[in-house]
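Listed here are the chains, written in short residue letters.
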Amino acid sequence: AGVGILSEESGLDGGDRDWLDRHRAGNRAAIRTFDDTLTYASFAERVRNFAGGLADAGIARGDVIAVHLPNIPEFLIAWLAINELGAIMQTVHVPDGILEIEHLLLHSGARACLAPAKMKDRSPALDIASLRGRVPALQLAIAVGGESPGAESFTKLMERGEKSAWRTAPIQ
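Residues numbered from 1 in each chain as written. Predicted model: local features only at pLDDT ≥ 70, side-chain atom pairs only at ≥ 80, totals over all residues. Heavy atoms only, no water.

### Some points on the overall build of the protein chain
Next up, step 1: The helix and strand tally for the protein chain stands at six helices and seven strands.
Next up, step 2: Its helices and strands in sequence order give the protein chain the pattern α-β-β-α-β-α-β-α-β-α-β-β-α, from N to C terminus.
Next up, step 3: If you take every contact in the protein chain between residues at least 6 apart in sequence, the share linking residues at least 24 apart comes to 64%.
Next up, step 4: In the structure as shown, the protein chain presents an accessible area of about 8600 Å², 53% of it carried by carbon and sulfur atoms. (Helix = DSSP H or I, 4+ residues; strand = E, 2+ residues; numbered from the N terminus. Contact = heavy atoms within 4.5 Å. Areas by Shrake-Rupley, 256 points an atom, 1.4 Å probe, with all protein chains shown as cover.)

Shown next as structure tokens:
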């Protein structure tokens, strides 16, 4: 399911990191998929919760977070949450196999990687979790869209983020 940020006045130009805050109170559609619509308020809340979950998991400014996801709302949530923390997002092409992904993660020094819990006949999240012994910096595999052995659930990480002390701390 494809997604899109809907805003004629979003100001998303790379230098404006508070554009979502300007729309946070609104009940206008921010993201639409075939199945769901997220308002700016709910989108902003998910971004803050995921950022808090990442912070509680030890992710900080300057850390590289790889994102191996198709065009789904969680990709956008991750992108903005990673930026909230001052971390660096590394995108990983969805068709890449585990050997390519291992090379990319080794080269970037990614500390965490988000991937689908299930995609067609495999579990990219499980594949990535299995790399932890071979990719020294990789500490956290995050499964999106379900559970996967050895990976933290995206949903559970967002739930942890709701209670995070990071949410009330000033961004530095």
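### Section: the pattern of salt bridges
Next up, step 1: Taken as a whole, this structure holds six salt bridges when the rule is applied.
Next up, step 2: Arginine 111 serves as the salt-bridge partner of aspartate 63, at 2.5 Å between the closest nitrogen and oxygen. With aspartate 63 in the loop between helix H2 (40-56) and strand E3 (64-67) and arginine 111 in the loop between helix H4 (98-108) and strand E5 (112-116), this residue pair connects regions lying 48 residues apart in the sequence. Both residues of the pair, aspartate 63 and arginine 111, belong to the buried class.
Next up, step 3: Ionic pairing is found between arginine 134 and glutamate 102, a salt bridge with its closest N-O pair at 3.2 Å. On the criterion of sequence distance, the pair formed by arginine 134 in the loop between helix H5 (124-129) and strand E6 (140-144) and glutamate 102 in helix H4 is long-range, its members being 32 residues apart.
Next up, step 4: Classification of arginine 134 as partly exposed rests on a relative accessible area of 47%.
Next up, step 5: Owing to a relative accessible area of 15%, glutamate 102 belongs among the buried residues under this scheme. (Salt bridge = Lys/Arg side-chain N within 4 Å of Asp/Glu carboxyl O. Buried < 20%, exposed > 50% of the residue type's maximum accessible area, 1.4 Å probe, protein only.)

### Examining the environment of tryptophan 79
Next up, step 1: Checked against the element boundaries, tryptophan 79 lands in helix H3 (residues 73-85).
Next up, step 2: Separated by eleven residues in the primary sequence, tryptophan 79 and glutamine 90 place their C-alpha atoms 9.5 Å from one another.

### Thoughts on the pairing of E5
Next up, step 1: The buried fraction of E5 is high, at five of five residues.
Next up, step 2: Because side chains alternate across E5, one face comprises the buried residues Ala112, Leu114 and Pro116, and the other comprises Cys113 and Ala115, equally buried.
Next up, step 3: Relative to E5, E3 is paired through three bridges, and the arrangement is parallel. Bridge pairing in E5 places valine 67 opposite leucine 114.
Next up, step 4: For E5 and E6, the ladder comprises five bridges, and the chain directions are parallel. Along E6, the bridge assignment pairs cysteine 113 with alanine 141. (Pairing = 2+ DSSP bridges.)

### Topic: the environment of phenylalanine 75
Next up, step 1: Turning to its location among the elements, phenylalanine 75 is positioned in helix H3.
Next up, step 2: For the pair phenylalanine 75 and threonine 91, spaced 16 residues apart in the sequence, the C-alpha separation amounts to 9.7 Å.

### Some remarks on H2
Next up, step 1: The end-to-end C-alpha distance of H2, which contains 17 residues, comes to 24 Å, matching closely the 24 Å that a straight helix rising 1.5 Å per residue would cover.
Next up, step 2: Of the positions making up H2, those classed as buried are Tyr40, Phe43, Ala44, Val47, Arg48, Asn49, Phe50, Ala51, Gly52, Gly53 and Leu54. (Expected span 1.5 Å × (residues − 1).)

### Overview of unusual backbone geometry
Next up, step 1: Phi angles above zero are rare outside glycine, and lysine 120 is one such case at about 55 degrees.
Next up, step 2: With respect to the secondary-structure elements, lysine 120 resides in the loop between E5 and H5.
Next up, step 3: Since its relative accessible area comes to 77%, lysine 120 is described here as exposed.

### Describing the nonpolar core
Next up, step 1: Counting residues in each nonpolar core, the largest one holds 32 residues, and the members touching the most others are Phe43, Phe50, Leu54, Leu114, Ile142 and Phe154.
Next up, step 2: Sorting the residues of this core by element identifies strand E1 (29-32), H2, E3, H3, E5, E6 and helix H6 (154-162) as the ones contributing at least two each.
Next up, step 3: What phenylalanine 154 contacts, discounting residues up to four positions off in sequence, is Phe50, Glu74, Ile77, Leu114, Ile142, Ala143 and Val144.
Next up, step 4: Within the second largest apolar cluster, 18 residues are counted, among which are Ala110, Ala115, Ala125 and Val135. (Core = buried A, V, L, I, M, F, W, Y, C linked by side-chain atoms within 4.5 Å.)

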